[in-house]
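Coordinates in review
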Amino acid sequence: MRLKALHLTILINIFMFSLVAAGQNSRKFTVSGYVTDIESGESLIGAGVLSGGEAKTGVSTNEFGWYNVSLREGRTTIEYHYVGYEPRTIAFDLNKDTVINVTLSPSTTLSEAVVVARNNAGIRSTNMSALDVPISQVIKSPTLFGESDIIKFLQMLPGVQGGMEGTTGIHVRGGSQDENLVMLDGIPIYNIDHVLGIFSVFTPEAVKKVTFYKGAFPARYGGRISSIVDVRTNDGNLKETHGVVSVGMLTSRAHVEGPIKQDKTSFSLSFRGMHTLLYQPFIKFAMKDDAKANFYFYDANAKLSHKFDERNRLYLGIYNGWDKLTVDDLYDEGNGSEGTFSKSADKYRIGWGNTIAAMRLNHIFSSTLFSNTTVAFNNYRMSIENKYNTSYGKQYMSDYKYKYKSGITDGSARMDFEWTPNSSNSVRFGGEYTFHTFKPETSSFTNKAVEGGTVQTDSTYNELDGRKMRGHEASVFIEDDIFIGDKLSFNPGLHYTVFYTDGKFYNSLQPRLSARMDLGKGYAVKAAYSRMAQYVHLLTSTDISLPTDLWVPITKNIKPVIGDHYSIGAYYSGLKGWEFSLEGYYKKTKNIVEYQDGATVMGTSANWYDKVSMGEGRSYGAEIFVQKTLGKTTGFVSYTLSKSDRIFRDGMVNNGHWYPYKYDRRHNLVVSVFHKFSDRVDVAGNFVFTTGGTTTVPTRQIVAITPDGTSTYDDYVPYKNNYRLPCSHRLNLGVNLHKQKRHGERIWNFSIYNVYNAMNPNLVYSDTDYNAEDGNVTTNTIRIKKITLLPFMPSISYTFKF
Amino acid sequence: MRKLMNILSSAVILTALGSCENTIDTIKVSGEDEIMMNALMNVNDDVHIVYLSHGQGDDFRPYTTKGELQCYVNGQLAATAKAKSFYDLYFCKAYVFNADFKAGDKVKLTIEEGLSAEVTVPQSPEILDVDTSYFENSSNIHSSVIFLRTRLQDVPHEENYYSFNVNAEVYKGWNLIDTTRNRRVTLFTDNEPLLKEYSSGNDDDKTFFDDYVKNKYHLFTDKSFADNSYVLNVGIYPYDCLWGYYYYKENYTHGYDKGGASVSVIVSSISPETYRYIKAIESSDFWHFEPVIFPQNVSGGLGFVSVANSAVWKIRFPDRMIPKDFYGY
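Since the model is a prediction, treat every value here as computed from it, not as a measurement. (Residues numbered from 1 in each chain as written. Chains lettered and ligands numbered in written order. Predicted model: local features only at pLDDT ≥ 70, side-chain atom pairs only at ≥ 80, totals over all residues. Heavy atoms only, no water.)

1. A few points about the overall build of chain A
- Helix and strand counts for chain A come out as four helices and 49 strands.
- Burial statistics for chain A: of 802 residues in total, 57% are counted as buried.
- For chain A, long-range pairs separated by at least 24 residues make up 65% of all intrachain contacts whose partners lie at least 6 apart in sequence.
- Within the structure as shown, chain A displays about 32,600 Å² of accessible surface, and the carbon and sulfur contribution to it stands at 58%. (Helix = DSSP H or I, 4+ residues; strand = E, 2+ residues; numbered from the N terminus. Buried < 20%, exposed > 50% of the residue type's maximum accessible area, 1.4 Å probe, protein only. Contact = heavy atoms within 4.5 Å. Areas by Shrake-Rupley, 256 points an atom, 1.4 Å probe, with all protein chains shown as cover.)

Have a look at this one:
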């Protein structure tokens, strides 16, 4: 990777000029503090802080609700805004650095959208292709089984494709699933799926804010190519104890938060679990009398927040999620007569999940310098166990056990700083170190047999003993939000990463640059460039999220993936309550990894690096996004026109020719509407239309000669992903019935997924059918078949908020 | 409440069960009867064989060319093949010719119907030496192993793809009475990471995630030893491939003859396309989510042609008494 010296010089000059120019002004002081919810004490992320009279300038609070702004000495008025809250204005004489902690009250009326120039995301932000995901809209959006899901909401945004219908995979601007950095309070999650991708690991009640970047990545982020999903959880109510209990078709959820010591220490607990009891009778009916099967998953979040003083806050968080499948097949002939009864027990256990533990410390050095220190532990593991034992009276006993394990463990430490030297600059810098331990597959058998009291067999066999791979990853970054007057803003940045593994040292310098120009009357244009590097890969070749999908590091032969994003956009927000955006992008990637043609994906991953090839990808497109944010009816329309293809020049995939990416869906349209009839009734609906992705189907059969000197025949495929699937579309509707009760609010939700039963394909395969004609000449027909798993699906859920 | 829950859950289950399989599209491929030309040749072959087939759908038949099948080496006509039914295979008509190939030669096969394929002969690797040792398993003699530690020198300055094979032969006097040339020798590869097979025990012990592709054609690349030498640690089972030589039973009723045996270690250099082709052959043994792509390099038709170049190291075993008439000779 080479960065042109000219690009680097330009970035440094912009940064230095802005610092010098801004420093020329007369005496200024800094106003800083926290913005919180008056009822819960919860910090408000992205709250607007405006000042400056008619020519207002604004900043926004950071991920911990902290802000600072540099203002001229004298009479000062500051306005504080947050969507869903009453704005608040504070006027005072500014003659020294001042700390003002502000509380805002929830509003019962929908207020006008506030112009905030310095948000991390959104139409008014310098960063383009970034969006703050409204959690309230996520919760109300009708979904499969009535289970609101953050990741599935992201699938409705422009530039984002879902994978197999109904699953939580996201493919952002032609990227694959492992190219998304999904973080929980700043810690990456390796596996975000439950039930093979039907659900994600996020419980909406525990989430405070989600920021989604699909291009123009700020320099503080790194490690993935295509997108950043930054999920922040609730800190806990510092005033009173509140909670939510919800019972749905497949899962139940509970969330409770409250103070341990009022205004000082709070807790937040969330749990979601799948209840299979409802389906147990049907499972028992379908299986043999003595066979029992059960599947469940759960997510548990716990967070503790403590405020030492105005300058120091501590957060402790733990997340644990697990999927488990158990199958027990028992046989007991027993008739009480010794020596004539036999028993056997065959038990399978398959489980996979994540555990994350993190400690965060916020420290305010001064009114202009804020720091966050994070230390975290992150583990993903998967295991399979099979125990089979048989006995025949007391004469014979055998015991067989099989174990399989894989996983990845990270230990990390990170420090971030925010420094606001003046009103025109907001600098972020910091560094991170992560120690990765990749544990490839290990499996072993033990077999013991005893007959007549004598041990006949007692052996242990290690089938796979994958060598642990370790990786050291360190990165530093610096970025600056630069404001030149009211019209022009830049966000230049640099992210530098070093990665050491397998005796090889890699490094990458990743420049980032975003720019925004306000053209007046609500019009604005933006442009951005980002370079990203990725040092881990997910080995998978299926549409569904399998527990055996394996995260592997780069090696001395498998290089880091490098992605270059170019994007440009035009925006309009001059119409009250409406936002319009049009963006175009071009993305190219190199060293993407894919299984070679013919490589097995169902077997072990030993020597996986010999089964994959490195190649290039390119994708480009245009995205239109129209949002209505005010009034009783809100919603958005999202349209994407895109193209994405790949090439592996070593010839090991598709014979070295360009081929369309599997999720190269040319058109993607989403219409999402939410209407509030009254405080008691609201409805939501979304319509999704996409043109088909691609799949590989044979067009005939051919004769082949084997190295053994025999002949055979097999399917012939002219090129990979040679068949384009038909369009998919569906309509989802939902209604929420609210009622205020004595101790809280109850909500009934009735949803229908796929209202008109569109038979969209969940799985596609080809089937060759041979028909004899005239008895002499046979013709064959290739039938492309689909399996639809998600037809018309009604659901109901009950929620109680207290 | 229970009744309501039962009704609701039944409704959900029934709708889920209502999901079904449908046909999206039907492609008729009965159109053209295409000719296929296939040949996996080796520089060391006594004769080179090219197979012609034709067919549509799954109806394949041997194909007899209207004209001649010609072989050009570096643009010069080197041989004209003759149809030899002795070498025919199921679906395939065999055409046989003699020609000498060497590394770097451009070999082109053509038939009058307009099919042609051109390949370049790769450089063979060099076998520096082969060190042998014998491990006898007294509890199970048939699991005894002759280790063949083959020191191989990679072809420098290029990416190389290889296959490994062993040919075992048994002689009585000067007469060859048994050879493994036409069958694949079972190799012991557990100690060789480049060729390691992953099955354990018998098929009943396999779990869902076991690797069914055993690299049965023993392919490997030079990624781990590019431009250098490497020692392949592979074994053979003498009681499998040298049965007549290793079997010695006292007082064999038919008596004994003097005989001998040899083992040839063969390391073949193949093209990247041939490597992918053989991998595709292997992977067609089991189910894939998507069809496997077979490389094709015949223009004007379908098929695959390649030439491999092998290094051979022959080890002659000492003569000994072997059972007379053991093979019916």
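Structure's up, so let's keep going.
2. Observations regarding the overall build of chain B
- A tally of helices and strands in chain B yields four helices and 18 strands.
- The buried share of chain B, taken over its 329 residues, is 50%.
- Counted over contacts in chain B with a minimum sequence separation of 6, partners at least 24 positions apart contribute 71%.
- Here chain B displays about 16,100 Å² of accessible surface, and carbon together with sulfur accounts for 49% of that area.

3. Some points on the sheet that holds strand E14 (residues 187-188) of chain B
Residue and element names in this part refer to chain B.
- Taken in spatial order, the four strands line up as E10-E11-E16-E14 in an open sheet, and their pairing is antiparallel. In this open sheet, the two strands that pair with only one neighbour each are strand E10 (126-135) and E14.
- Note: strand E11 (residues 145-153) against strand E16 (residues 229-236), eight bridges, orientation antiparallel. The partner of Phe-147 across the bridge, within E16, is Gly-235. (Pairing = 2+ DSSP bridges.)

4. Observations regarding the side chain of Arg-646 of chain A
- When you line up the elements, Arg-646 of chain A lands in strand E37 (residues 633-647).
- Here Glu-594 of chain A takes part through its side chain, which lies 3.5 Å from a polar atom of the side chain of Arg-646 of chain A. (Polar contact = N/O pair within 3.5 Å; in protein donor to acceptor, adjacent residues only side chain to side chain.)

5. Notes on the pairing of strand E24 (residues 369-392) of chain A
Residue and element names in this part refer to chain A.
- Bridging between strand E23 (residues 342-366) and E24 involves 24 bridges; their strand directions are antiparallel. Across the sheet, residue Asn-362 finds its bridge partner in E24, namely Asn-372.
- Counting the residues in the hairpin turn of E23 and E24 gives two residues.
- Sheet analysis places E24 next to strand E25 (residues 396-422), joined by 24 bridges and oriented antiparallel. Note that in E25 the partner of Lys-387 across the bridge is Lys-401.
- Linking two consecutive strands that pair antiparallel, namely E24 and E25, is a turn of three residues; a positive phi of about 55 degrees is found at Gly-393 within it.

6. With respect to the sheet that holds strand E12 (residues 180-184) of chain A
All names here are of chain A.
- Ordered in space as E9-E16-E17-E12-E13, the five strands form an open sheet in which the pairing is mixed. Both outer strands of the open sheet, strand E9 (130-133) and strand E13 (187-188), are each paired with one neighbouring strand and no more.
- When E12 meets E13, the two strands line up antiparallel, connected through two bridges. If you follow Leu-184 over to E13, its bridge partner there is Ile-187.

7. Comments concerning unusual backbone geometry
Residue and element names in this part refer to chain B.
- Notably, Asn-74 is not glycine yet its phi reads approximately 55 degrees, a positive angle.
- For Asn-74, the location among the structural elements is in the loop between strand E5 (69-73) and strand E6 (76-83).
- The backbone of His-218 sits at a positive phi, close to 50 degrees, despite the residue not being glycine.
- Overall, His-218 belongs to the buried group, its relative accessible area being 3%.

8. Looking at the domain arrangement of chain B
Residues and elements named next belong to chain B.
- When the domains of chain B are assigned, the result is domain 1 (34-120) and domain 2 (126-294 + 308-323).
- The partner domain 2 presents seven residues to the eight residues of domain 1 that form the contact.
- Considering only the side of domain 1, the residues that lose the most area to domain 2 are Leu-40, Asn-42 and Asn-44, jointly responsible for 54% of the buried surface there.
- Counting the contacts that link domain 1 with domain 2 gives four residue pairs in polar contact (both at pLDDT 80 or more). (Domains from an automatic or database assignment. Buried area = accessible area lost by both parts, 1.4 Å probe.)

9. Re the packing of aromatic side chains
Residue and element names in this part refer to chain A.
- Under the counting rule described, the total for this entry stands at 40 aromatic pairs over all chains.
- Taken together, a centroid distance of 6.0 Å and an interplanar angle of 80 degrees make the contact between Phe-153 and Phe-636 edge-to-face. Taken together, the positions of Phe-153 in helix H3 (residues 150-154) and Phe-636 in strand E37 put the pair 483 residues apart, joining distant regions of the chain. Pair check on accessibility: Phe-153 and Phe-636 agree, each one buried. (Phe/Tyr/Trp six-rings, centres within 6.5 Å; stacked < 30°, edge-to-face > 60°.)

10. Things to note about a nonpolar patch on the surface
Residues and elements named next belong to chain A.
- A cluster of nonpolar side chains, namely Ile-260, Leu-304, Leu-316, Met-359 and Val-375, defines an oily patch on the protein surface of about 400 Å² accessible area.
- With respect to the helices, strands and loops of the structure, Leu-316 is situated in strand E22 (residues 312-332).
- Exposure remark for Leu-316: the relative accessible area of 35% places this residue in the partly exposed category. (Patch = residues over 30% accessible without salt bridge, like charges linked within 9 Å, V, L, I, M, F, W, Y side chains within 5 Å. Salt bridge = Lys/Arg side-chain N within 4 Å of Asp/Glu carboxyl O.)

11. Points about empty space enclosed by the protein
All names here are of chain A.
- All told, the structure shown has 18 cavities of 30 Å³ or more when counted by the stated rule.
- Empty space within the largest cavity amounts to approximately 650 Å³.
- Every residue lining the largest cavity is counted, 43 residues in all, and those nearest its centre are Met-183, Gly-186, Pro-188, Arg-414 and Glu-432.
- Elements supplying a minimum of two residues to the lining of the largest cavity: E12, E13, strand E17 (227-233), E24, E25, strand E26 (425-451), strand E28 (469-484) and strand E29 (488-501).
- The greatest single-element share of the lining of the largest cavity, amounting to seven residues, is contributed by E25.
- By residue class, the composition of the lining of the largest cavity is 17 nonpolar, twelve polar and 14 charged. (1 Å grid on protein atoms, 1.4 Å probe; cavity = no way out; pocket = protein on both sides within 12 Å on 5 of 7 lines; lining within 4 Å. Points joined across faces, edges and corners; volume = space filled by probe spheres on them. Nonpolar A, V, L, I, M, F, W, Y, C, P; charged D, E, K, R; others polar.)

12. Thoughts on the environment of Met-36 of chain B
- Looking at the element boundaries, Met-36 of chain B is found in strand E2 (residues 34-42).
- Sequence separation between Met-36 of chain B and Gly-55 of chain B is 19 residues; the distance between their C-alpha atoms is 8.3 Å.
- For Met-36 of chain B, the contacting residues outside a window of four places in its chain are Arg-700, Gln-701, Ile-702 and Val-703 of chain A together with Tyr-51, Leu-52, Ser-53, His-54, Gly-55, Phe-60 and Leu-302 of chain B.

13. Considering the pattern of salt bridges
Residue and element names in this part refer to chain A.
- Taken as a whole and assessed by the stated rule, the structure comprises 36 salt bridges over all chains.
- With its nearest N and O atoms 3.4 Å apart, the salt bridge here joins Lys-303 to Asp-185. Taken together, the positions of Lys-303 in strand E21 (residues 291-309) and Asp-185 in the loop between E12 and E13 put the pair 118 residues apart, joining distant regions of the chain. You'll find Lys-303 and Asp-185 in the same group, each marked buried.
- Between Arg-272 and Asp-299 there is a salt bridge; the shortest N-O distance is 2.6 Å. In this pair, Arg-272 is assigned in strand E20 (residues 265-274) and Asp-299 in strand E21, connecting sequence segments 27 residues apart. Like Arg-272, the residue Asp-299 is buried in the burial classification.
- Taken together, the shared-partner salt bridges connect Glu-42, Asp-185, Lys-208, Asp-235 and Lys-303 into one network.

14. Focus on a positive patch on the surface
- A cluster of basic side chains, namely Lys-347, Lys-387, Lys-401, Lys-403, Lys-405, Lys-439, Lys-468 and Arg-470 of chain A, defines a positive patch on the protein surface.
- Residue contributions to the positive patch peak at three residues, all from E25 of chain A. (Lys, Arg positive; Asp, Glu negative; His and termini not counted. Charge placed at Lys NZ, Arg CZ, Asp CG, Glu CD.)

15. A closer look at the side chain of Arg-730 of chain A
Residue and element names in this part refer to chain A.
- Secondary-structure assignment places Arg-730 in strand E45 (residues 728-740).
- Since its relative accessible area comes to 16%, Arg-730 is described here as buried.
- Side chain to side chain, Arg-730 and Tyr-753 meet in a polar contact 3.3 Å long.
- The residues touching Arg-730, leaving out its near neighbours within four places in the chain, are Glu-165, Asn-686, Phe-687, Val-688, Tyr-753, Asn-754, Tyr-756 and Asn-760.

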